Amino acid sequence: MIFQKPSLRTRVSFDMAMRQCGGDALYLSPNEIGLGQRESIADVARVLSGYVDALMARVFAHEHVLELAKWSAIPVINGLSEYNHPCQGMADALTVEENFGKKSKGLNVTFIGDGNNVAVSMMHVSTKLGWNFTLASPEGYDLNPKAVEVAKDIAKETRSKLNFIRDPHQAVKGAHVIYTDTWTSMGQEEETAKREKVFQPYQVNAKLVSEADKDVIVMHCLPAHRNHELTDDVADGPHSVIFPQAHNRLHAQKAILARLFGVA
Ligand code: CP
Ligand code: NVA
């Protein structure tokens with residue numbers, strides 16, 4: 001497990017998933033291997049391919065995880081990049097299905113806030129599973145256009161509706177799922193003050209939640225910046241599924257590993 005950024009959930013859930021399935025996991029911290037600095041990514045990938053059975057990497061630049069995959073002889077799992085967070089998306093899909101059942105086609109999933117890596121994965125998994133996906137984001141914080149093209153292609157098959165708007169109140173009307181994430185992702189820390197201002201109208205609070213479907217669930221990948229993007233009363237209230245969602249990371253990681261090792 002190569003980490004260029006901090007992690008609680010991804011690190012611990014992958015480690016425990018491996019151990020509970022009878023394997024081992026090794027944590028390589030940001031300072032440890034200097035991916036692409038002490039040694040080229042291509043060389044790291046080829047060396048590790050001889051030692052371990054799979055790699056999980058959390059990186060800044062998405063190209064770095066692609067580069068690892070290009071040179072590795074073993075499966076490479078994206079544990080979050082600036083572009084997307086697919087393992088989170090798997091746990092999120094499990095969480096939505098747990099709450100609404102397998103017949104979830106046609107659900108309305110609304111993401112409020114930054115069109116970031118987590119939003120990309122939620123959009124992709126939503127369209128794949130036939131859920132309608134709406135993002136309400138401020139101007140300048142839209143989803144990556146390439147990611148939107150991918151979603152549009154999937155939606156042609158599944159008939160999911162995609163909706164990109166500015167108004168969070170309009171976005172939550174009829175929403176079965178409200179999802180939010182930090183306003184400032186890892187690597188964007190110098191923009192924090194500016195983002196705090198821009199995203200203030202996008203706070204997921206009790207008023208916004210009351211405008212959604214009465215059985216709406218509120219999701220957050222965590223870590224949450226409480227009383228910024230998500231208020232305490234909502235995070236700890238009856239609509240919140242943030243802790244079962246975090247726990248589902250463990251089960252989803254097992255499924256990902258089982259699939260990659262050819263046992264599921
Ligand atoms: N949601 C998530 O990926 O959390 P960590 O950054 O703690 O791994
Ligand atoms: N968007 C956040 C997710 C953290 C799990 C980030 O990239 O920092």
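Here's a quick rundown of the structure. Quick caveat, the model's predicted, so the values are computed rather than measured.

Neighbouring residues of ligand 2: Leu-80, Asn-116, Asn-117, Val-118, Asp-181, Thr-182, Ser-185, Met-186 and Leu-222. Asn-116 is positioned such that a nitrogen or oxygen atom in its side chain is 3.4 Å from a nitrogen atom of ligand 2. A distance of 2.7 Å separates a nitrogen atom of ligand 2 from a polar atom in the side chain of Asp-181. For ligand 2, whose unbound accessible area comes to 270 Å², protein coverage reaches 95%. When the residues that make up the shell around ligand 2 are grouped by side-chain class, the tally is 4 nonpolar, 4 polar and 1 charged.

An order of β6-β5-β4-β7-β8 is seen for the 5 strands of this open sheet, with the pairing classed as parallel. Looking at the sheet topology across the chains shown, the edges are occupied by β6 (162-165) and β8 (217-220). This sheet shows a mean twist of 20° between the axes of neighbouring strands, independent of strand direction. In this sheet, strand β7 (residues 177-180) lies alongside strand β4 (residues 108-112) in parallel orientation, the contact comprising 4 bridges. Bridge assignment links Ile-112 to a residue of β7, and that residue is Thr-180.

Right, let's talk about the sheet that holds strand β2 (residues 55-58) for a bit. What the 3 strands build is an open sheet, ordered β1-β2-β3; its pairing is parallel. Edge positions in the sheet fall to β1 (2-3) and β3 (76-78), since each of these pairs with one other strand and no more. Summarising the sheet, β1 and β2 pair through 2 bridges and their orientation is parallel. Residue pairing in the sheet places Phe-3 in a bridge with Arg-58 of β2. Relative to β2, helix α1 (residues 9-20) is tilted by about 170°, and along the sheet it contacts β1, β2 and β3.

Calculation rules
Residues numbered from 1 in each chain as written. Chains lettered and ligands numbered in written order. Predicted model: local features only at pLDDT ≥ 70, side-chain atom pairs only at ≥ 80, totals over all residues. Heavy atoms only, no water. Near = heavy atom within 4 Å. Polar contact = N/O pair within 3.5 Å; in protein donor to acceptor, adjacent residues only side chain to side chain. Areas by Shrake-Rupley, 256 points an atom, 1.4 Å probe, with all protein chains shown as cover. Nonpolar A, V, L, I, M, F, W, Y, C, P; charged D, E, K, R; others polar. Pairing = 2+ DSSP bridges. Helix = DSSP H or I, 4+ residues; strand = E, 2+ residues; numbered from the N terminus. Axes fitted to C-alpha atoms, helices over the stretch in contact; angles between N-to-C directions. Contact = heavy atoms within 4.5 Å.

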